[in-house]
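# Commentary on secondary and tertiary structure
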Amino acid sequence: MSIPTIKRPFDDMETDEERLKYMMAEMEELKVVEADGIDFAGKTAMWVAYERALESARPEEERLFCDPLAKHFGEPYGKRLSTIFAFGLKHAIFDPPGADIGFHYEGHVMYTAARTKLINDRVSTWLAQDQPQQQVVNLGAGTDTRVYWVGALSKAALYVEVDTAPVLAHKDKILTELEAKGELPKPFCCKKTIALDFAVETIKDLPSHGYQQEHPTCWILEGLVMYLQRPAIEQLMDDVSALSAAGSYLILNFSDSPQAAAKADDMDEMLVKKGGWTQVERVFFGDEQFSFNRYPAGKPANKIMGFAMYRK
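Below, the structure is looked at part by part. Model, not experiment: these values are computed from the prediction.

Attention now goes to the environment of glutamate 34. On the secondary structure map, glutamate 34 appears in the loop between helix 1 (16-31) and helix 2 (40-56). Taking relative accessible area as the criterion, glutamate 34 reaches 43% and is therefore assigned partly exposed. The sequence separation of glutamate 34 and alanine 45 amounts to 11 residues, and the corresponding C-alpha distance is 16 Å. Those residues in contact with glutamate 34 that sit more than four places away from it in its chain are Lys43 and Tyr77.

As structure tokens, this is what we get:
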């Protein structure tokens, strides 16, 4: 396994106190909503794009996937967010003092690569069932462009991307520019974007935007629930359950950090006991099924960041 060496602005700082001060100052700047209207949670979509681009730039024989569009979506916030979280998440999650995992500052970069691969594989396996009118819904889709590069989506009748209007407007502008230059691949299936004003709407309003709840759905909740408070998570799980036909599948990215508003067991109760789902898998980063040669061999798996999969 090779861990990339990325030049970070704080590399030459002598103490962690200096690095923390730098990180906090950057964080405060990034919390400011600029003219583009994208809030902090929306900006993190560019963080994921930047790190997907890093994986895609690896040699073909090494990379877990090739997202040819990610490189267009990392700016203006992605690299800055990757940098500040490289420091904070190293200490809190991926390589805390005394753990000796070996990631140094690149734990989240490796995690992004592995989780992207995990989701791609699980979506592909679900679609291989060839259920009539099967569809994929990506909640909090951000700058995700799987519909243009994951071939298994050719088996989907519809791919739905849901996010806030500012995030989707930013994304659409870039896609339009790429299309005008002849640099946008054809999507593997029909794509629909749905902008929700989460101040006044919830996903239960999706049918009024064209979502067809009578068809089986693969839901992707990647990097979403970590930004929600407990009541919003409970509402989200209730709404997903109510909108899911038999044969549906849910890919839930969770955090079991002490600060998490709802941990994996909490959401399991919401989905299984209340929502009628069956959990079919739960994995943590570093487990055999969630490593993909992006986690140091022989080291204990992470016990905070993971995924749970459910079927209906």
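There is more to say, and it comes next.
The next thing to look at is unusual backbone geometry. Across the chain, the bulk of peptide bonds are trans and the bulk of non-glycine residues have phi less than zero. Here the amide bond leading from glutamate 75 into proline 76 is cis, since omega sits at 5 degrees, within 30 degrees of zero. You can see proline 76 is positioned in the loop between helix 2 and helix 3 (78-94). Phi at aspartate 100 takes a positive value of approximately 55 degrees, unusual for a residue other than glycine. Mapped onto the fold, aspartate 100 is located in the loop between helix 3 and helix 4 (107-127).

Turning our eyes to something else, we now look at the nonpolar core. Of all hydrophobic cores here, the largest spans 60 residues; its most connected members are Val123, Val136, Leu153, Phe285 and Phe307. Of all the elements in the fold, those that place two or more residues in this core are helix 1, helix 2, helix 3, helix 4, helix 5 (165-180), strand 4 (217-221), strand 5 (249-255) and strand 7 (305-311). Considering each element in turn, this core owes the most residues, 9 residues, to helix 4. Setting aside residues up to four positions removed in sequence, leucine 153 forms contacts with Val123, Leu127, Val136, Arg146, Val147, Tyr159, Phe188 and Cys189. Trp219, Met237, Leu252 and Leu271 belong to the second-largest nonpolar core, a separate cluster that totals 31 residues.

Sheet architecture is open: 7 strands sit in the order 3-2-1-4-5-7-6, paired in mixed fashion. Two strands in the sheet have a free side with no partner beyond their single neighbour: strand 3 (191-195) and strand 6 (278-284). Strand-to-strand twist of the sheet, defined as the mean angle between neighbouring strand axes without regard to direction, takes the value 15 degrees. When strand 5 meets strand 7, the two strands line up antiparallel, connected through 7 bridges. Each bridged residue has a counterpart across the sheet, and for leucine 250 the counterpart in strand 7 is tyrosine 310.

Once that is clear, we can look at the side chain of lysine 171. Tracing the backbone through its elements, the reader meets lysine 171 in helix 5. Given the relative accessible area of 2%, lysine 171 is considered buried. A polar side-chain atom of lysine 171 sits 2.5 Å from the main-chain carbonyl oxygen of aspartate 144. With near-sequence residues (within four places) excluded, lysine 171 lies in contact with Phe73, Gly142, Thr143, Asp144, Thr145 and Glu161.

About the criteria used
Residues numbered from 1 in each chain as written. Predicted model: local features only at pLDDT ≥ 70, side-chain atom pairs only at ≥ 80, totals over all residues. Heavy atoms only, no water. Helix = DSSP H or I, 4+ residues; strand = E, 2+ residues; numbered from the N terminus. Buried < 20%, exposed > 50% of the residue type's maximum accessible area, 1.4 Å probe, protein only. Contact = heavy atoms within 4.5 Å. Core = buried A, V, L, I, M, F, W, Y, C linked by side-chain atoms within 4.5 Å. Pairing = 2+ DSSP bridges. Axes fitted to C-alpha atoms, helices over the stretch in contact; angles between N-to-C directions. Polar contact = N/O pair within 3.5 Å; in protein donor to acceptor, adjacent residues only side chain to side chain.

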